[in-house]
Amino acid sequence: MTGKPRVIYWFRTDLRLHDSPALKAALDLKPECLYPIWCWDPHYVYRARVGPNRWQYLCVEIPLEINKKKADFFPPGRLDCQSDLSKSITKLNSKSKLFVVREAPQTVLPKLFKAWNISHIVFEKDTDAYARERDEKIIESAKEAGVKVIVKTGRTLYDPDELVKANGGKPTMSITQVEHAAKKIGEVPRPIPAPESLPDPGDTTLDIPQDRPSQEPDINKIQRSGSETSYNKLAGPDSSFSVPTYSELGLKPATTSHRGGETLALAALDRIIANESYTATFSKPSTAPTAFSPPATTVLSPHHHFGSLSVRLLYWRATDTMEAYRKKGKQPSTIPTNLVGQLLFRDMYFGAQAALGYAFAQTVGNSHCRFVPWHLPSTISPSTGLTTGSYTISSTLHETWFQRWKHGRTGFPWIDALMRQLRLEGWIHHLGRHAVACFLTRGGCYIDWERGAAVFEEWLLDHEVACNSGNWQWLACVAFYAQFYRCYSPVAFPKKWDPAGAFVRNYVPELAAFPEKYIYEPWRAPVLDQKKAKCLVKGEGRDREGGYEGALWEEAGGMKVYPKPMFDFNERRGICIEGLKNAYHVGLYGDDDRVKNGSWREL
Ligand code: FAD
């Protein structure tokens, strides 16, 4: 013991070494030892919905055999966030790595404080509602153990709490509010370089007493056997705190071609910035949602989510590139459509969530989310509160529409291609997200945005509670945006970008040979053309078991089947607009007598 600090650096959504104010603060302590750890948090394992693609992006080291078998998908040497970070740490200190601890931080950190004789814990600030609660608990136990806590902002351009404060204590609900608040806070700090060396980690031996009732499995005592039964022990199956593998997690194989990790993130950023005119003139509305190889936007969002790329680094490299472009006498793009504007949108949602907490991700209790009675027939007269026509929707029909939307079987090729891309790749273009979110909610199905957000939560690589909930509210016209009469057509909109339908042909292969004329409306194709294209338009998109998850039904002779559209879009659009008009008329949740006294439910 030297009397110098013994520090735990707790990695969470900051899986990087570059531009990390929190890591810098830990190193500035000049510690005797630094334990870089990541805690396996049951909240994300059991409570949050996480599909195999996101797991892989986070942490899985692909076993060699899988690497070889799927060489096309997983070029050897590419590693995801935790593996990559761990290797980078080891490069700076051969005794160190990312120590992955398999237990909830709330229970394991107090044990580690004691076992490793820790003096400080340092981590990046997280204003997610759950993360706040968790961190408050950790701060409390650190205090009890006499451990000092250092917390630094680095996940967003501005500290979301400061943004809210500068916005008069209110959630940030527009880019203008963000810009005004940002001016009060000051310039975004320039990024910090990655450290050139790291201290030793110190002894990692653990002798943690069994403190659970005897009938419960002993998950605290490390077994050195590496046997199958020890997989959920604190230090992992090989007792070495290693990054989990597929077999340890029992995961279904991932399908995405997008890969994670700081090394890849920095290389991707270099490639983007090297294309000066792309970076300087980037303007979101003119990027094609139908471009997929390569996509038209940066696809940096999953890196921002896991913190493998600092948002401040993107901000400053884009800003400097735009400035250099301007100095050459050329005109760069501007906020809000340029890359800086995109990052401000991200901060806007973090600011809204920081102010509203858990309620931001739902309608109930969310003071800024308009109540829409999604469960009701959507043709209710604003004046009488009675349905204007005989049109009613059973909950079974709504459920069928939801399942068909989720599994890419609506019969609208544009929507189906996007939903299949989402499931396969874990990423879709922003305007593609607009299209499917509008279609599910106020521009087609009239289904609650929270159900759509839950599907995105499971399948997106970049899933971020603040951005996902906020954008869904925007698209459903329940917050941020109110022009509900502007709906995305599943036919006219994609036709503008991709008249030949290359995107649809790629993700809905049963339509690959369909004539261009009918690619967005296959139900209009004469049967002769359908037969020539080896795909009949019929049925409801069910699999052989009658569900929607298995492979689509095929006819004999290799004839494929693609479903008929699940409704008349133009008719549904009219009905949805009527429903939204009514919801806007009656005001916010809580102000509405018909909701309070339940009379709407009788309709
Ligand atoms: P680019 O256009 O290259 O933008 C650069 C960066 O800016 C992105 O990497 C991202 O970090 C940020 N950004 C851009 N647009 C937005 C935006 N509208 N909101 C917040 N940040 C933005 N984004 C998420 O990061 N996580 C989500 O869970 C998420 N869910 C969404 C759900 C819906 C219904 C919609 C319509 C949008 C959602 N978005 C979400 C926002 C946006 O679609 C993605 O951030 C963007 O498409 C990511 O692609 P990109 O990295 O190529 O973005």
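Per chain, residue numbering runs from 1 following the sequence as it is written. Reporting of local features is limited, given that this is a predicted model, to residues whose pLDDT is at least 70; pairs of side-chain atoms are given and counted only at 80 or more, and all residues count toward the totals for whole chains, interfaces and linings. Water and hydrogen atoms play no part in the side-chain values, which are based on all heavy atoms of the structure.

Trainee: Help me understand the overall build of the protein, please; the structure alone is not making it clear to me.
Mentor: Secondary structure elements are defined from DSSP: runs of H or I of at least 4 residues count as helices, runs of E of at least 2 residues count as strands, and each element is numbered from the N terminus. A count of helices and strands for the protein gives 25 helices and 7 strands. Counting only contacts in the protein whose residues sit at least 6 apart along the sequence, the fraction spanning at least 24 positions is 75%. Surface exposure here means Shrake-Rupley accessible area, sampled with a 1.4 Å probe, where a residue is shielded only by the protein chains that are shown. Working note: accessible area of the protein is about 25,900 Å², and carbon and sulfur atoms make up 54% of it. Contacts were defined at the residue level, with two residues in contact if any of their heavy atoms lie within 4.5 Å.

Trainee: Is there a simple way to think about the pattern of salt bridges in this case?
Mentor: Opposite charge on two side chains allows them to pair when their charged atoms are near. Think of a salt bridge as a Lys or Arg side-chain nitrogen and an Asp or Glu carboxyl oxygen that are within 4 Å of each other. The full count for this structure, using the stated rule, is 30 salt bridges. Measuring nitrogen to oxygen at the nearest pair gives 3.0 Å for the salt bridge that ties Glu124 to Arg16. Pair noted here: Glu124 is in strand β4 (residues 120-124) and Arg16 is in the loop between β1 (6-10) and α1 (21-28), with a separation of 108 residues, a long-range link. What emerges from the salt-bridge pattern is a single network uniting Arg12, Asp41, Arg134 and Asp135.

Trainee: Just checking my understanding: could you explain the layout of surface pockets for this structure?
Mentor: The probe, sized like a water molecule, is rolled over the atoms to show the empty space still left. A volume near 1,300 Å³ is recorded for the largest pocket. Throughout, the protein atoms alone are placed on a 1 Å grid, and a set of points is a cavity if a 1.4 Å probe fits but cannot get out or a pocket if it is open with protein on both sides within 12 Å along at least five of seven lines; lining residues have an atom within 4 Å of a point. If you trace the largest pocket, you find 47 residues lining it, with Lys284, Gln342, His430, His434 and Asn471 closest to the centre. Elements that contribute at least two residues to the lining of the largest pocket include exactly α13 (301-306), α15 (339-356), α18 (430-440), α20 (465-475) and α21 (492-497). Along the lines of polarity and charge, the residues of the lining of the largest pocket split into 25 nonpolar, 14 polar and 8 charged. Grid points are joined across faces, edges and corners, and a volume is the space filled by probe spheres set on the points. Residues are grouped as follows: nonpolar covers Ala, Val, Leu, Ile, Met, Phe, Trp, Tyr, Cys and Pro; charged covers Asp, Glu, Lys and Arg; every other residue, Gly included, is treated as polar.

Trainee: What exactly am I supposed to notice about a negative patch on the surface here?
Mentor: Patches draw on residues past 30% relative accessible area with no salt bridge. Two like charges within 9 Å are joined, as are two nonpolar side chains (Val, Leu, Ile, Met, Phe, Trp, Tyr) within 5 Å. Positive charges come from Lys and Arg alone, negative charges from Asp and Glu alone, with His and the N- and C-terminal ends not counted. By convention, charge coordinates are those of NZ in Lys, CZ in Arg, CG in Asp, or CD in Glu. Negative charge collects at one region of the surface, where Glu133, Glu136, Glu140 and Glu144 lie side by side. If you trace the backbone, Glu133 turns up in helix α7 (residues 129-145).

Trainee: Please clarify how the sheet that holds β4 should be interpreted in this entry.
Mentor: Think of a sheet as strands paired side by side through backbone hydrogen bonds, with each pair either parallel or antiparallel. In this analysis, strands are considered paired if DSSP registers two or more bridges between them. Here we have 5 strands laid out as an open sheet, ordered β3-β2-β1-β4-β5, and parallel in their pairing. Both edges of this open sheet fall to β3 (99-101) and β5 (148-152), since each of them pairs with a single strand only. On average, each strand axis in the sheet is tilted by 30 degrees relative to the strand beside it, whichever way the strands run. The pairing of strand β2 (residues 33-39) with β3 spans 3 bridges and is parallel. Bridge assignment links Trp38 to a residue of β3, and that residue is Val100. Axis angles are defined between N-to-C directions and span 0 to 180 degrees, where every axis is a line fitted to C-alpha atoms and, for a helix, only to the segment in contact.

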